[in-house]
Amino acid sequence: MTNKKTTTDSGIEIKEVYTTSKHINELPGAFPFTRGIQPDMYRGKLWTMRQYAGFSTAEESNKRYKYLLANGTTGLSVAFDLPTQIGYDSDHAMSEGEVGKVGVAIDSLRDIEILFDGIQLENITTSMTINATASTLLAFYIALAKKQGADIKKISGTIQNDILKEYAARGTYIYPPKPSMRIITDIFEYCSKEIPKWNTISISGYHIREAGSTAVQEIAFTLSNAKAYTQAALQKGLDINVFGQRLSFFFNAHNNFFEEVAKFRAARRMWAKMSKELGATNPKAQMLRFHTQTGGSTLQAQQPDNNIPRVTIQALAAVLGGTQSLHTNGFDEALSLPTENAARIALRTQQIIAFESGVVDTVDPLAGSYFIETLTDEIETAAWKYINVIDNMGGAVNAIEQGYMQKEIADASYRYQTQIENGEKIIVGVNKFTSQDGINPPSFKIDDSIRKVQTDKLNKIKSERDNEKVTQLLNQLKQDAKDGTNVMPSIIESVENYVTLGEIADVFRGEFGEYRA
């Protein structure tokens with residue numbers, strides 16, 4: 001036996017050998033769902049292969065969606081550009097230099113009509129990574145579904161709609177926390193009645209992890225945020241056994257393989273306990289259903305081909321951890337938006353795991369491993385400690401307003417980077433096994449002329465729409481925001497009349513103000 005101390009990336013000590021565990025004889029599909037939310041898991045249905053894409057104009061993104069669907073992806077996931085995320089139309093001064101860069105530019109219903117041209121919304125599920133303007137993007141989607149003649153009670157998908165992690169880790173917020181929470185619960189209320197199959201929030205640990213948190217912090221802060229959303233919905237008088245079924249989660253998958261598998265299992269068990277304490281009695285409202293994306297921050301610009309095995313390890317951890325849907329990153333994403341070739345390899349990685357590896361043949365194949373069961377318990381214990389601190393501060397909103405989560409994430413990020421710089425943590429091709437070969441330049445760039453294309457489109461829409469009606473609709477939306485009426489019906493009617501995303505966000509800016517960290 002050696003005396004060398006080894007830890008996971010979260011600092012949990014790893015013993016040299018495990019000879020026992022407190023393994024409880026749990027079954028998948030039964031509370032607390034440690035082993036999976038379905039009794040048969042992937043024997044019954046594979047996870048959704050939901051590849052994330054969006055760039056440039058709606059026309060260009062539509063081509064990529066059709067390419068992915070033709071290559072076997074089973075769900076769409078939309079990336080939006082920064083102006084869309086923070087409520088500015090493409091012609092706004094704040095949008096300059098950012099239109100279409102990190103996602104697709106969406107200004108009005110016209111862009112959504114083009115984005116999903118030839119794609120029937122009733123036949124697919126769509127995830128939209130959007131937060132501060134989630135209500136408007138959902139309204140665009142509903143309006144298009146109606147135009148296609150879809151039964152909106154049958155359309156399904158997810159909006160991220162998780163504003164708390166924006167304050168803690170990512171930064172694409174607009175309004176202060178309390179009015180933001182009010183809009184989110186308006187969405188919960190509207191969807192529970194009108195589009196019952198829609199997942200109204202994807203409570204996201206992904207961006208918390210991307211900001212530098214540990215695996216333990218990722219699930220602790222995510223579940224604390226979930227608790228805050230649930231309490232806000234309960235205060236609005238909503239039924240947890242109804243809206244709880246439409247909560248979903250979004251996690252990261254990193255390279256520390258066994259820690260990641262255990263993290264997913266621990267998160268499921270913890271949410272089952274937490275939701276039950278909050279009043280959920282319906283098992284479907286106690287289940288933690290989650291999407292996983294492989295770790296963007298783990299991708300390296302040096303020797304980018306090495307990112308293919310990294311993504312494979314991460315995807316395998318997500319599958320063995322019981323994910324419901326999965327996005328695998330392109331190997332070239334540390335250099336540019338993914339090329340079609342990189343996107344295809346990423347999708348094929350999932351398909352090889354699903355159809356060639358054999359890991360889907362039995363439910364929770366790592367269950368009973370002394371190491372996995374012990375690590376699951378230890379991650380859960382460490383995460384509850386963080387949650388108890390946050391509860392004692394008055395909950396997630398207070399903890400964020402006081403900067404607690406932000407500081408914990410920053411400290412963890414600093415520790416990790418220090419370990420890389422002093423060689424304690426090895427990153428292949430970066431601080432060890434390096435080569436002098438030059439990095440291939442990125443081959444996929446976005447042209448700045450897109451802003452003019454979008455501006456011309458906006459000018460045309462504004463000249464053709466009924467602007468007197470638009471003024472009436474914006475005044476009604478302002479009144480609804482002021483008096484506490486659910487804002488979703490007004491937003492939907494507005495976008496159906498080609499009111500723009502920026503015009504709607506400006507109404508809320510005027511009523512709620514803008515948040516300054």
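So, here is what we can say about the structure in this document. Think of each chain on its own: its residues are numbered from 1, step by step along the sequence as written. Only residues with pLDDT of at least 70 are given local features in this predicted model, and only at 80 or more are side-chain atom pairs given and counted; all residues enter the totals for whole chains, interfaces and linings. Side-chain descriptors were evaluated using all non-hydrogen atoms of the structure, hydrogens and water having been removed beforehand.

Moving on, we come to empty space enclosed by the protein. Cavity means a closed set of points on a 1 Å grid over the protein atoms alone, one where a 1.4 Å probe fits but cannot get out, pocket means an open set with protein on both sides within 12 Å along at least 5 of 7 lines, and lining means a residue has an atom within 4 Å of a point. Grid points are joined across faces, edges and corners, and a volume is the space filled by probe spheres set on the points. In the structure shown here, the tally under the stated rule is four cavities of 30 Å³ or more. Its boundaries defined by the atoms lining it, the largest cavity holds a volume of some 110 Å³. Around the largest cavity, the lining is made up of 16 residues, and of these Y42, V319, V363, D364 and P365 lie nearest the centre. Here the term charged refers only to Asp, Glu, Lys and Arg, the term nonpolar to Ala, Val, Leu, Ile, Met, Phe, Trp, Tyr, Cys and Pro, and the term polar to all other amino acids, Gly among them. Of the residues belonging to the lining of the largest cavity, the class tally is eight nonpolar, five polar and three charged. Size it by volume and the second largest cavity reaches roughly 60 Å³. Lining of the second largest cavity is provided by N131, A132, A134, S135, N161, I163, Y175, S180, I183, I184 and I187. Helix and strand definitions here come from DSSP, where helices need a minimum of 4 consecutive H or I residues and strands a minimum of 2 consecutive E residues; each element is numbered from the N-terminal end. Within the residue set of the lining of the second largest cavity, elements represented by two or more residues are helix 4 (134-147) and helix 6 (177-194). Sorting elements by how many residues they give to the lining of the second largest cavity places helix 6 first, with four residues. Broken down by class, the residue content of the lining of the second largest cavity amounts to seven nonpolar, four polar and no charged.

What follows concerns the packing of aromatic side chains. Within a pair of aromatic rings, the relevant descriptors are the distance that separates the centres and the angle that separates the planes. For Phe, Tyr and Trp, rings pair up if their centres lie within 6.5 Å, where Trp contributes its six-membered ring, and each pair is then called stacked (planes under 30 degrees apart), edge-to-face (over 60) or tilted (otherwise). On inspection of all chains with the given rule, the structure shows 23 aromatic pairs. On the basis of an interplanar angle of 85 degrees and a centroid distance of 5.9 Å, the ring pair of Y175 and F508 is categorised as edge-to-face. Placement of the pair is Y175 in the loop between helix 5 (164-170) and helix 6 and F508 in helix 20 (residues 501-512), with a sequence separation of 333 residues. In terms of burial, Y175 and F508 fall into one category: buried. Ring pairs connect the aromatic residues F249, F251, F264, W271 and F290, which therefore count as one cluster. A ring is considered to have a charge above it if a Lys NZ or an Arg CZ atom is located within 6 Å of its centre and within 35 degrees of its normal. One residue, K276, lies across the ring of F31, its end atom 4.6 Å from the ring centre. Using a 1.4 Å probe on the protein chains alone, a residue whose accessible area is under 20% of its type maximum counts as buried, one over 50% counts as exposed, and one in between counts as partly exposed.

With that out of the way, let us pick up helix 8 (residues 215-235). A helix is expected to span 1.5 Å multiplied by its residue count minus one. Spanning 21 residues, helix 8 covers 31 Å between terminal C-alpha atoms, matching the ideal 30 Å at 1.5 Å per step. For helix 8, the tally of buried residues reaches 18 of 21 residues, placing the bulk of the element in the interior. Phi for G237, located one or two positions after helix 8, is positive at around 90 degrees.

A separate point is the layout of surface pockets. By volume, the second largest pocket is sized at about 1200 Å³. Along its surface, the second largest pocket is lined by 39 residues, and D9, Y416, Q419, K425 and I427 are the ones closest to its centre. When residues of the lining of the second largest pocket are traced back to their parent elements, those giving at least two are strand 1 (6-7), helix 7 (206-210), helix 12 (307-320) and helix 16 (404-421). The greatest single-element share of the lining of the second largest pocket, amounting to seven residues, is contributed by helix 16. Residues belonging to the lining of the second largest pocket are distributed by class as follows: 11 nonpolar, 19 polar and nine charged.

Within strand 10 (residues 290-294), five of the five residues are buried, which leaves it mostly tucked inside the rest of the structure. Where burial is concerned, the two faces of strand 10 agree: the one with F290, T292 and T294 and the one with H291 and Q293 are both buried. With five bridges connecting them, strand 9 (residues 247-253) and strand 10 associate as parallel partners. Bridging across to strand 10, F250 finds its partner in H291. One ladder, built from three bridges, connects strand 10 with strand 11 (residues 325-327); its direction is parallel. Within strand 11, the residue paired with Q293 across the bridge is H327. The β-α-β motif built from strand 10, the intervening helix 12 and the parallel element strand 11 has right-handed crossover chirality. At least two bridges found by DSSP between two strands are what make those strands a pair. Seen with the strands pointing away from the viewer, any crossover whose path from the first strand over the helix to the second strand runs clockwise is right-handed.

Time to look at the packing of helix 4 against helix 19 (residues 488-496). Axis geometry follows a simple rule: fit a line to the C-alpha atoms, using only the stretch in contact for helices, then measure angles between N-to-C directions, giving values from 0 to 180 degrees. Two elements in contact, helix 4 and helix 19, have axes whose closest approach is 9 Å; the angle formed by their N-to-C orientations is 60 degrees. Relative to helix 19, the element helix 4 lies oblique. Where helix 4 crosses over helix 19, the two elements pack in a sense that is right-handed. The segment helix 4 lies against helix 19, with S135, T136, L138, A139, F140, I142, A143 and K146 engaging M488, I491, I492, V495 and E496. A class-by-class count of the residues in the contact of helix 4 with helix 19 yields nine nonpolar, two polar and two charged. For classification, angles of less than 35 degrees are called roughly parallel, those exceeding 145 degrees roughly antiparallel, those between 65 and 115 degrees roughly perpendicular, and all remaining angles oblique. Crossings are assigned a handedness: left-handed for a near helix turned anticlockwise from the far helix by less than a right angle, right-handed for a clockwise turn. We call two residues contacting when some pair of their heavy atoms lies within 4.5 Å.

Moving on, we get to the side chain of T500. Note that T500 resides in the loop between helix 19 and helix 20. Owing to a relative accessible area of 0%, T500 belongs among the buried residues under this scheme. Here a polar contact is taken to be a pair of N or O atoms separated by no more than 3.5 Å, where protein atoms must pair a possible hydrogen donor with a possible acceptor and residues adjacent in sequence count only if both atoms sit in side chains. Among the polar contacts listed, one links the side chain of T500 to the side chain of D89, at a separation of 2.6 Å. With residues near it in sequence (within four places) discarded, T500 still touches D89, D107, L458, K462 and R465.

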